[in-house]
Amino acid sequence: MRHAGIVGVGMYVPPGTLTNRDLERMVDTSDEWIRQRTGIEERHIADPEVGSSDLAVQAAKAALADAGCGTEDLDLILVATTTPDQPFPTTAVMVQKGLEAWRAGAVDVGATCSGFIYGLSLAGALIEAGRMERVLVIGAETLSRLTNWEDRSTCVLFGDGAGAVVVQAVSEGGLRAFELGADGRGTEFLNAWVGGFKRPVTADLLDSPNRFINMTGREVFKFAVRTMEESVRRVADRAWGSLEMDLLVPHQANARIIEAVGQRLGVADKALINIQRYGNTSAASIPIALTEAKASGRLRPGMRVVLTGFGGGFTYAGAALEWV
Ligand code: UT7
């Protein structure tokens, strides 16, 4: 069987940062509360004219350079995002334009924070089936636009950024197992109800908190810990018949969630945490973490890596792979 693997990684975050101290001046919160409850110290915020596709293009260029391939080599661009530039054209098409990758198809994947793993799974399947040779998978978000800056329970959490990977056929290692899941019973706990086409932003809804992220933090926390633990067990078992892994790369939503999952699985020392610098960048958090792990030497060829994510919906997803 033909195997697909990640052969290049890249990331980009906008230069502007928002620290916990800055947030202390905006809402009733404290640096201490944010660090203790979430692990976050600062996050990056895009300038008003910058969209998710702009961040995605920069991350994509870095991933292509890392893979040593050009834009003309791409068959498909897959962008996982919860914050598309506009209703249409899709963010993926804006990225195709930005990269001048004229040969590539382009499609968005909407699965909130699990979107990157969903996209990686689709890319892997297309390559393994022999339908495509090279796919760019990007997670890109400008969540600062979907954030209610008057709601202290959510505005301290999120940040903007993008991460990208290049996927192609590989002779050794590569993608081994996936799980893509959803639980629609969770819609009430994490959502933004206004701003689509069922409930457009009308004058009377302009100031509605439902235009922004609404979250029941405790419920999301419980779902995240339980689901990620179970999902990691299943994908690792399917791939290798054991939980032995070299690196666990979880969606970065809260350091306490990651620590709890790591402890339950007995792999706390293998779990990557970089939320302190970026906050929760939704679909971008896993490819950003992969890029940092590779750059720091924490990710090396042959390593067993498990990706795990969850998000609004609820959605969840896991992947087991051997680093190429
Ligand atoms: O990508 C997925 C997106 N979301 C998540 O993964 C979020 C998952 N949930 C969480 O990470 C946590 O639930 C939070 C970080 C959101 C909240 O932490 P918590 O330990 O669950 O706190 P809580 O919601 O139970 O609130 C505890 C207290 C409350 O005050 P009272 O009722 O005890 O007086 C809140 O009002 O902390 C208060 N609080 C804050 N205080 C200072 C909530 N937000 C803040 C804040 N600063 N920013």
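The shown structure was predicted, so the numbers you read here are calculated from the model rather than taken from an experiment. (Residues numbered from 1 in each chain as written. Predicted model: local features only at pLDDT ≥ 70, side-chain atom pairs only at ≥ 80, totals over all residues. Heavy atoms only, no water.)

Participant: Tell me about the sheet that holds strand S12 (residues 304-311), and name the residues and values.
Facilitator: Strand order in the open sheet made by the four strands is S8-S13-S12-S11, with mixed pairing throughout. Single-partner strands in this sheet number two, and they are strand S8 (174-182) and strand S11 (247-250). Taking the axes of each pair of neighbouring strands and ignoring which way they run, one obtains an average angle of 10° across the sheet. Two elements, S8 and strand S13 (residues 315-322), share eight bridges in a ladder whose sense is antiparallel. Counterpart to phenylalanine 178 in the pairing with S13 is alanine 319. (Pairing = 2+ DSSP bridges. Helix = DSSP H or I, 4+ residues; strand = E, 2+ residues; numbered from the N terminus. Axes fitted to C-alpha atoms, helices over the stretch in contact; angles between N-to-C directions.)

Participant: Before we move on, can you summarise the environment of alanine 293 with the specific residues and values?
Facilitator: With respect to the helices and strands, the residue alanine 293 is situated in helix H10 (residues 285-295). Among the residues examined, alanine 293 registers a relative accessible area of 1% and is labelled buried. Each C-alpha atom of the pair alanine 293 and alanine 111 lies 24 Å from the other, and the pair is 182 residues apart in sequence. Excluding residues that lie within four positions of it along the chain, alanine 293 makes contacts with Leu247, Leu272, Arg298 and Leu299. (Buried < 20%, exposed > 50% of the residue type's maximum accessible area, 1.4 Å probe, protein only. Contact = heavy atoms within 4.5 Å.)

Participant: Describe the site of the ligand, naming the residues involved and giving the relevant values.
Facilitator: If you check the shell around the ligand, you find 22 residues, and the closest are Thr29, Arg37, Arg218, Asn254 and Asn280. Threonine 29 is positioned with one of its side-chain polar atoms (N or O) 2.6 Å from a nitrogen atom of the ligand. Residue asparagine 254 places a side-chain N or O atom 2.7 Å away from an oxygen atom belonging to the ligand. Contact with the protein chains hides 75% of the accessible area of the ligand, taken as 950 Å² for the molecule alone. (Near = heavy atom within 4 Å. Polar contact = N/O pair within 3.5 Å; in protein donor to acceptor, adjacent residues only side chain to side chain. Areas by Shrake-Rupley, 256 points an atom, 1.4 Å probe, with all protein chains shown as cover.)

Participant: Please give an account of the packing of helix H3 (residues 52-67) against helix H4 (residues 91-99) that cites residues and values.
Facilitator: Orientation of H3 relative to H4, taken along the N-to-C sense of each, is 50°, at an axis distance of 9 Å. Between H3 and H4, the angle is such that the two are oblique. Considering how the two elements wind past one another, H3 and H4 form a crossing that is right-handed. Contact residues: H3 offers Ser52, Ser53, Ala56, Val57, Ala60 and Lys61, while H4 offers Thr91, Met94, Val95, Gly98 and Leu99. Here the contact of H3 with H4 is built from residues that sort into six nonpolar, four polar and one charged. (Parallel < 35°, antiparallel > 145°, perpendicular 65-115°, else oblique. Left-handed = near helix turned anticlockwise from the far one by under 90°. Nonpolar A, V, L, I, M, F, W, Y, C, P; charged D, E, K, R; others polar.)

Participant: I'd like a description of the packing of aromatic side chains, backed by residues and values.
Facilitator: Taken as a whole and assessed by the stated rule, the structure comprises three aromatic pairs. Aromatic side chains phenylalanine 189 and phenylalanine 314 sit 6.1 Å apart centroid to centroid with 15° between the ring planes, which places their arrangement in the stacked category. Note that phenylalanine 189 is positioned in the loop between S8 and strand S9 (190-191) and phenylalanine 314 in the loop between S12 and S13, a separation of 125 residues in sequence. According to the relative accessible area criterion, phenylalanine 314 is buried, its value standing at 5%. When the centroid spacing of 4.0 Å and the interplanar angle of 15° are considered together, the rings of phenylalanine 223 and phenylalanine 314 count as stacked. With a gap of 91 residues between them, phenylalanine 223 in helix H7 (residues 217-240) and phenylalanine 314 in the loop between S12 and S13 connect regions that are remote in the sequence. In this pair, the class of phenylalanine 223 matches that of phenylalanine 314, namely buried. Following the ring pairs from residue to residue traces out a cluster consisting of Phe189, Phe223, Phe314 and Tyr316. (Phe/Tyr/Trp six-rings, centres within 6.5 Å; stacked < 30°, edge-to-face > 60°.)

Participant: Tell me about the domain arrangement of the protein, and name the residues and values.
Facilitator: When its domains are assigned, the protein resolves into domain 1 (3-171) and domain 2 (177-322). If you average the C-alpha positions of domain 1 and of domain 2, the two centres end up 14 Å apart. With 47 residues of domain 1 in contact, the opposing surface of domain 2 contributes 44 residues. For the pair domain 1 and domain 2, the summed buried area comes to about 3500 Å², and 68% of that belongs to carbon and sulfur atoms. Three residues stand out in domain 1 for area buried against domain 2, namely Cys113, Ile117 and Tyr118, and they jointly supply 19% of the buried area on that side. Here domain 1 is connected to domain 2 by one salt bridge. (Domains from an automatic or database assignment. Buried area = accessible area lost by both parts, 1.4 Å probe. Salt bridge = Lys/Arg side-chain N within 4 Å of Asp/Glu carboxyl O.)

Participant: Which residues make up helix H2 (residues 31-38), and what values go with them?
Facilitator: What H2 keeps buried is the set Asp31, Ile34 and Thr38. What you see down the axis of H2 is that its buried residues fit within an arc of 80°, all on one side. Those residues of H2 that are exposed and aimed more than 90 degrees away from the buried face are Glu32 and Gln36. Buried positions along H2 lie against helix H1 (20-24), strand S3 (42-44), helix H8 (255-265) and helix H9 (275-278). Glycine 39 sits one or two positions beyond H2 and adopts a positive phi of about 85°. (Arc of directions from axis to C-beta.)

Participant: Tell me about the side chain of threonine 281, and name the residues and values.
Facilitator: Note on placement: threonine 281 falls in the loop between H9 and H10. A polar contact is formed between the side chain of threonine 281 and the backbone nitrogen of serine 285, at a distance of 3.1 Å. Residues in contact with threonine 281, not counting those within four places in the same chain, are Glu141, Leu143, Gly159, Asp160, Gly161, Gln252 and Ile288.

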